[in-house]
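# Structural description and commentary
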Amino acid sequence: MVRSALGRPDARLNKGPRAGADYVPAISVVIGSLLSLLPIVSASGWWPDFGLLMLLGWRLLRADAWPAWWAAPLGFVNDLLAGNPIGLSIALWSAMMIAMDILDRRTMWRDYWIEWAIATLFIVLAELAQWRVAAVLGAGVPFNTSALPAIIVSVLCFPVAAFLASRIDRWRLGR
Amino acid sequence: MAASAGPRPGWSRRAQYSLFFSFLAVVAGLAVGLILLILSLVAPQSYAAVRGAALDATAPISSGLSEVTTTVTGMFSGAGNYWDAANQNAQLKRDRAALMRRMVEARAILEENQQLKAALQLRERSAEAVAAGRVVGSSFESPRRFAVISVGTSDGVQVGMPVRAPEGLIGRVIDAGSLASRVLLVTDRANIVPARILKGGQPVISTGRGDGTIDVRPLEVGRNPFRPGDIIVTSGTGGLYPPLVPIAKVIRLDDDGAIALPIADPSKVSFAIVEPPYEPAALAAAAQSAGEER
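The structure contained in this document is the topic of the report that follows. (Residues numbered from 1 in each chain as written. Chains lettered and ligands numbered in written order. Predicted model: local features only at pLDDT ≥ 70, side-chain atom pairs only at ≥ 80, totals over all residues.)

### With respect to the overall build of chain A
Helix and strand counts for chain A stand at six helices and zero strands. Walking chain A from its N terminus toward its C terminus, one meets helices and strands in the order α-α-α-α-α-α. The principal-axis extents of the C-alpha atoms in chain A amount to approximately 70 × 40 × 25 Å. Put simply, chain A has 175 residues, and 47% of those count as buried. (Helix = DSSP H or I, 4+ residues; strand = E, 2+ residues; numbered from the N terminus. Buried ≥ 20, exposed ≤ 12 C-beta atoms within 10 Å, placed from the backbone.)

Here it is, written out as C-alpha cells:
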C-alpha cells in the first residue's frame, strides 16, 4: 500500500508539484510589482520596491526559480507598473541575475545573515541607480532624504519577502 | 547550509545547452535594458504610447482600490462626525454667519475690481476645466513624485496640461493614457513653477524637494523676502499655469530662500481638475519640456 493512501484525503503526499508550479515564482514577482498600484498617495517615496524584494527573495532561495533571462521581461513589467524610466529595472534585474550566478559559484557557505547581506548589497545598488537616474532626468534630490530612508525600509522588509518566497515555494511544490 | 552551486545540468547535452542559452539570453536582456534605459534618458517621448497603455491597463485596479479605501475611510470619518454633533453644529452656525459677512464684503470688492479692470481694459481669460478626476495613486517607491489621476486623453487631457485641485496647484500632466494620466507633482524636483509671494507680489521660483516639501527662492538676489506663513501663488509667467493659484505655504526660512508645504495635498484633495494651458501656445513647449524632464 502506498504511503499516500494512509493520509487524509486532502493530503498532498505523493502528488508532486501543483499545476503551473514553474510559473508561480515569476507570478509572485509580478504581484509584488502590482503592489505599486495600491491607492497610496505618499508625500515621500520611501516605500520598498516590492517586485525587487520578491525577485531577490526567490533568487536567493533557489537558483532555478526561473530561467535567468526572465528577469528582463519581469523588469519591463515592473518599470511599466511603477512608472520608472523604461529600461531601469530590465538592466538592473538582469545584472542581478548574472551577479547572483557568479556569487553562487564563489560563495562556499550560505546562511541567513549572508543572504540578508547579499540582498542589502543589491538593494543599495538598485536604490542608488534609481537615485542617479532621477538626478540625470532633472530631479537631483538629496541622498539623505530620498534614497537613504528607502534603502533602510527595503532592507528591513527583505526578510518578509524571503519568508514569503520560501512559503510559496513549499506550497507550489506541494510539500 | 552550503551554497547551492547554481543549476547543475549533469551530463545531459540538452540541459547544458539550455543553461548556456539562458545565460546568453540574460546577457542580451542586460544589453537591451541598458539601451532602453539610455533611450528613456535621452528621448523619453519615445515611450509615450507604451506608458500610456500601461496606465490604461492598470488604472481600473487603482481606481477600484481607491474607491474601496475612500468608502472605508468615509465610513469611519462619517461615524466620527456624529460624535459631539450638537457642539459642532453650533460652531458651524457661528462660522457660517461670520463667513456670510465676509462674503458680502468680498462681493463688493469683486464688483469694484471688475469696474477697475474694465477701466484699465484688462482682458479676463476664464479657464474652463478640461476634466476632473480622482487622484488614485502615486509613485511611493521612487525618488520621483508622480501621481496618477483617473482621467485621460478620452476626457481631453493632453501631456503638459496643468492640474489643480480646488485648494491649489497639484502639478502638470506628463503621461496621458486614454483612461488615466500621470501627473508630475509640484513637490517633484523637476517641476519648476514660476510663482510669487501673495503678499507683496515678489517673483519667486518654486521647485519641489522630492520629500513632500517645496523649495522657494526669490528671483532677485538680496534680502530674504519670505516670512513663515507666506502664501506662494503661481505668477502665470511662462503661460502654462494660470496666475493666482495657491501653491504652498512657507514653514521655514533658510539662508536665501524658504521651505514651504504644498497647500493642495494630493492624498487629501477630493478632485484633481485638469485645465488647458493658460496660454494655449505654451502647450507645445510644455509637452516638449515635460518629455525632457521625465
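### Brief notes about the interface of chain B and chain A
Taken residue by residue, the interface counts 55 residues in chain B and 56 residues in chain A. The set of elements that each furnish at least two residues to the side of chain B that touches chain A consists of helix H1 (13-42), helix H2 (48-82), strand E2 (135-138) and strand E3 (146-149) of chain B. Per-element tally for the side of chain B that touches chain A: the top contributor is H1(B), with 15 residues. Its residues placed into classes, the side of chain B that touches chain A shows 28 nonpolar, 18 polar and nine charged. (Contact = placed C-beta atoms within 7 Å. Nonpolar A, V, L, I, M, F, W, Y, C, P; charged D, E, K, R; others polar.)

### Observations regarding the sheet that holds strand E9 (residues 214-218) of chain B
As summarised here, the arrangement of the six strands in space is E7-E8-E9-E12-E11-E10 (chain B), forming a closed barrel in which the pairing is antiparallel. Put simply, the sheet's adjacent strands are angled 40° from each other on average, direction ignored. (Pairing = 2+ DSSP bridges. Axes fitted to C-alpha atoms, helices over the stretch in contact; angles between N-to-C directions.)

### Focus on the pairing of strand E5 (residues 169-176) of chain B
Residue and element names in this part refer to chain B. Here E5 lies mainly inside the structure; eight of its eight residues are buried. Sheet topology note: the strand E4 (residues 162-164)/E5 ladder contains three bridges and is antiparallel. Bridged to Arg164 within E5 is Leu169. Between E4 and E5, which pair antiparallel and follow one another directly, the connecting turn spans four residues. Relative to strand E6 (residues 181-185), E5 is paired through five bridges, and the arrangement is antiparallel. In the strand pairing of E6, Val173 is matched with Val183.

### Thoughts on the environment of B:Asp230
Residue and element names in this part refer to chain B. One can find Asp230 in the loop between E9 and strand E10 (231-234). Of the residues examined, Asp230 has 21 C-beta atoms within 10 Å and is grouped as buried. As for Asp230 and Ala190, which are separated by 40 residues in sequence, their C-alpha atoms are 23 Å apart. For Asp230, the residues in contact, after removing those within four places along its chain, are Ile197, Lys199 and Val250.

### Points about the packing of helix H4 (residues 88-106) of chain A against helix H5 (residues 112-136) of chain A
All names here are of chain A. It is at 11 Å that the axes of H4 and H5 come closest, and there the two elements cross at 155°. By the criterion of interaxial angle, the relationship of H4 to H5 is roughly antiparallel. You can see that H4 and H5 cross each other, and the crossing is right-handed. Contacts between H4 and H5 pair Leu88, Leu92, Met96 and Leu103 from the former with Ile118, Phe122, Ala126, Ala129, Gln130 and Val133 from the latter. (Parallel < 35°, antiparallel > 145°, perpendicular 65-115°, else oblique. Left-handed = near helix turned anticlockwise from the far one by under 90°.)

### Quick look at helix H6 (residues 147-172) of chain A
All names here are of chain A. The terminal C-alpha atoms of H6 lie 35 Å apart, and with 26 residues this matches the ideal 38 Å at 1.5 Å per residue to within 8%. Taking the largest bend as the criterion, H6 deviates by roughly 35°, centred on Cys157, and proline Pro159 comes between one and four positions later. Of the positions making up H6, those classed as buried are Ala147, Ala150, Ile151, Ser154, Phe158, Ala161, Ala162, Ala165 and Arg172. Just downstream of H6 lies Gly174, where phi reads positive at about 70°. (Expected span 1.5 Å × (residues − 1). Bend = angle between axes of the 7 residues up to and from the residue.)

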